[in-house]
Amino acid sequence: MFCSKEEAVAMETELLRDYGFGRQQLTEMLGHACATAITQVFPLASLEKRQPTVLVACGPDQNGCVGLACARHLRVFEYIPTVFIPKRSSDALHQDLRLQCERMDLPFLSYLPTEVQLINEAYNLVVDAVLGPETELASVGEPFTGVLQTLRGLKAPIASLDIPSGWDADESSSDGISPALLVSLMTPKRCALSFSGAHFLAGRFLPFDLQRKYELNLPKFSGTDAVVQL
Amino acid sequence: MLGVRALFGIGLLVTSRGGSVLTHTGACARIASNIYSKDLTHRQACTMADTIKYLGQEEAQHIDEELFDEYSFSVDQLMELAGLSCATAVSKGYPLQSLLKSPPRVLVICGPGNNGGDGLVCARHLKLFGYEPSVLYPKRPSKQLFQNLTTQCEKMDISFLTEMPEVQHKPQRSIPHRSHCRGARFISHTGYICSWDVENGCPDGIQPDMLISLTAPKKAANHFKGRYHFLGGRFVPPALEQKYQLNLPQYPGTDCVHQLN
């Protein structure tokens, strides 16, 4: 079930090229599913602060796109998400998703405070959609290194989308972000083998023959659920 | 998909095997005891149905336009969410274990517009939910969006029929086996069946068992006499809802549908 970075990329390519899926579609389904997983692990009633505030940190690539869709669905599910985008993206889909969040009146942070206490006090939860498995870790610089450092120091729980930002998709990590919740997208990556928090799988759209081709052996989703707990 | 095009999310479903067809009334009798929704008390249902706004044609069109122009949504996105809502509503109204025939076949009839696109998305999600959908898509637009949706279904091994399956007629019932697309006309044993007007309905038209209103119900839904009326399309921005005073009910939890009756 746990696949490598290369396999994950190959699968996504096939979905887009051979199965006729569009990035917008997949991103929407994944964002919606991630929001669903978050509500299961951090239900509204369980949040300690007066307001159901959530900070959603979105990087410039596909991981960030899923984060933006997730933020919008969290708003629909009655959370109060605030979006933080460390670096503007040149990706058209990212820009559209960002605009949708703005039009839904989601507040945006212009910078991430380095004092972690401010974040801990303001937000019940932080959604980490900064870096995904496609990121070349060696090329990661500012502002991301600063953001990751801040996230590492947080007491507020973190929910990471696909992989915890800064982790290598194929390896376990000892000093990276330690999220309370990991939502793997489509299929868990190898690095998730060493993950010990709550682990959900999102992406209930993988065609059955694609699952067979990559020998995914994914667990069964129940009923009409968009996510399944691993 | 939305507004005038969203009168029926999927129109109707017919389970068929070897030519025999369940009329919606037949289905009613058999599965009525299994379909009561635990989440919705009768009193809640009445209250919500009273206050929710039923849209006229013009308003529905304006909301459509705003979603795309002001809120920057794309058709792909909203169609995916709409189709998912439809499949979810179907599985709530007609749970797999309640179906009389095995395998759990469903026919999804798709017209040439966005409504048909919703149907294609719905068919795909029904397959993922364990149903066995087949699609009848007599008139396919050339737009890339619809070609992609068709490919997605085909690659999920959803068969596309070339013609309507044979229907066993029962007297004194309008058999729900026709496309929901606007303007389409087919001959049944009782004569022509018109399609519904978005505000006034159509007494001689299709009488579905389930209606899935997308975004918000349309005025024609006042004429709906079936058992299940669901609301779907859980993507309306709060500001848009307020602007048009939609008075949408609260969807339960993270559900993408809400039963109105």
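Bear in mind the structure is a predicted one, so any value in this text is a computation, not a measurement.

What counts and how
Residues numbered from 1 in each chain as written. Chains lettered and ligands numbered in written order. Predicted model: local features only at pLDDT ≥ 70, side-chain atom pairs only at ≥ 80, totals over all residues. Heavy atoms only, no water. Contact = heavy atoms within 4.5 Å. Buried area = accessible area lost by both parts, 1.4 Å probe. Salt bridge = Lys/Arg side-chain N within 4 Å of Asp/Glu carboxyl O. Polar contact = N/O pair within 3.5 Å; in protein donor to acceptor, adjacent residues only side chain to side chain. Buried < 20%, exposed > 50% of the residue type's maximum accessible area, 1.4 Å probe, protein only. Helix = DSSP H or I, 4+ residues; strand = E, 2+ residues; numbered from the N terminus. Pairing = 2+ DSSP bridges. Right-handed = clockwise from strand over helix to strand, strands pointing away. UniProt positions renumbered as here; feature names shortened; annotations may be inferred. Axes fitted to C-alpha atoms, helices over the stretch in contact; angles between N-to-C directions. Parallel < 35°, antiparallel > 145°, perpendicular 65-115°, else oblique. Left-handed = near helix turned anticlockwise from the far one by under 90°. Nonpolar A, V, L, I, M, F, W, Y, C, P; charged D, E, K, R; others polar.

Asks: Can you walk me through the interface of chain B and chain A in this structure?
Replies: One frequently used descriptor of interface size is the decrease in accessible area upon assembly of the parts. Taken together, the contact pairs 30 residues of chain B with 31 residues of chain A. Where chain B abuts chain A, roughly 2,700 Å² becomes buried across the two surfaces, and 61% of that area is made up of carbon and sulfur atoms. Our count for the chain B to chain A interface comes out at zero salt bridges. Where chain B touches chain A, the interface holds 11 residue pairs in polar contact (both at pLDDT 80 or more).

Asks: What is the right way to read the pairing of strand β3 (residues 105–109) of chain B from this model?
Replies: Both faces of the sheet carry side chains from a regular strand, because those side chains alternate between them. Residue and element names in this part refer to chain B. Of all five residues making up β3, four are buried, and the element is well covered by its neighbours. Two strands pair when backbone bridges link them, and β3 and strand β4 (residues 132–136) are joined in this way by five bridges, in the parallel orientation. Note that in β4 the partner of Val106 across the bridge is Pro133. Handedness of the crossover joining β3 and β4 through helix α5 (residues 114–128) is recorded here as right-handed.

Asks: Sorry if this is basic, but what is going on with the UniProt feature "domain: YjeF N-terminal" (unreviewed entry) in chain A here?
Replies: Per the UniProt entry, the sites bearing "domain: YjeF N-terminal" (unreviewed entry) are residues 8–218 of chain A in this numbering. As annotated, residues 8–218 of chain A has a helix share of 37% and a strand share of 15%, and its two end C-alpha atoms lie 14 Å apart.

Asks: Is there a simple way to think about the sheet that holds strand β6 (residues 181–185) of chain A in this case?
Replies: Residue and element names in this part refer to chain A. Reading across the sheet, the eight strands line up as β3-β2-β1-β4-β5-β6-β7-β8 and stay open at both edges, with mixed pairing between neighbours. The open sheet has two free edges, formed respectively by β3 (108–109) and β8 (227–229), since each of these has just one partner strand. As defined by bridge partners, strand β1 (residues 53–58) adjoins strand β2 (residues 80–84) across five bridges and the pair is classed as parallel. The partner of Leu55 across the bridge, within β2, is Thr82. Helix α2 (residues 23–41) rests against β4 (125–129), β5 (158–161), β6, β7 (198–202) and β8 of the sheet, and its axis sits at about 155 degrees to β6.

Asks: Just checking my understanding: could you explain the pairing of β6(A) for this structure?
Replies: Residue and element names in this part refer to chain A. Within β6, five of the five residues are buried, leaving the element largely enclosed by the surrounding structure. Neither face of β6 is left uncovered, since the one carrying Leu181, Val183 and Leu185 and the one carrying Leu182 and Ser184 both have all their residues buried. Where β5 and β6 come together, three bridges link them in parallel fashion. Within the sheet, the bridge partner assigned to Leu161 lies in β6 and is Val183. Looking at chain direction, β6 and β7 are connected through five bridges and run parallel. Paired with Val183 across the two strands is Phe200, which belongs to β7.

Asks: Sorry if this is basic, but what is going on with the packing of helix α4 (residues 75–93) of chain B against helix α6 (residues 144–155) of chain B here?
Replies: A pair of packed helices is characterised by two quantities: the angle between their axes and the separation of those axes. Residue and element names in this part refer to chain B. The N-to-C vectors of α4 and α6 enclose an angle of 40 degrees; their axes lie 11 Å apart at closest approach. Considered as vectors, α4 and α6 are oriented oblique to each other. Crossing of α4 over α6 shows right-handed handedness. Contact residues: Val75, Asp76 and Met79 in α4; Leu145, Phe146 and Leu149 in α6. The residue makeup of the contact of α4 with α6, split by class, is five nonpolar, no polar and one charged.

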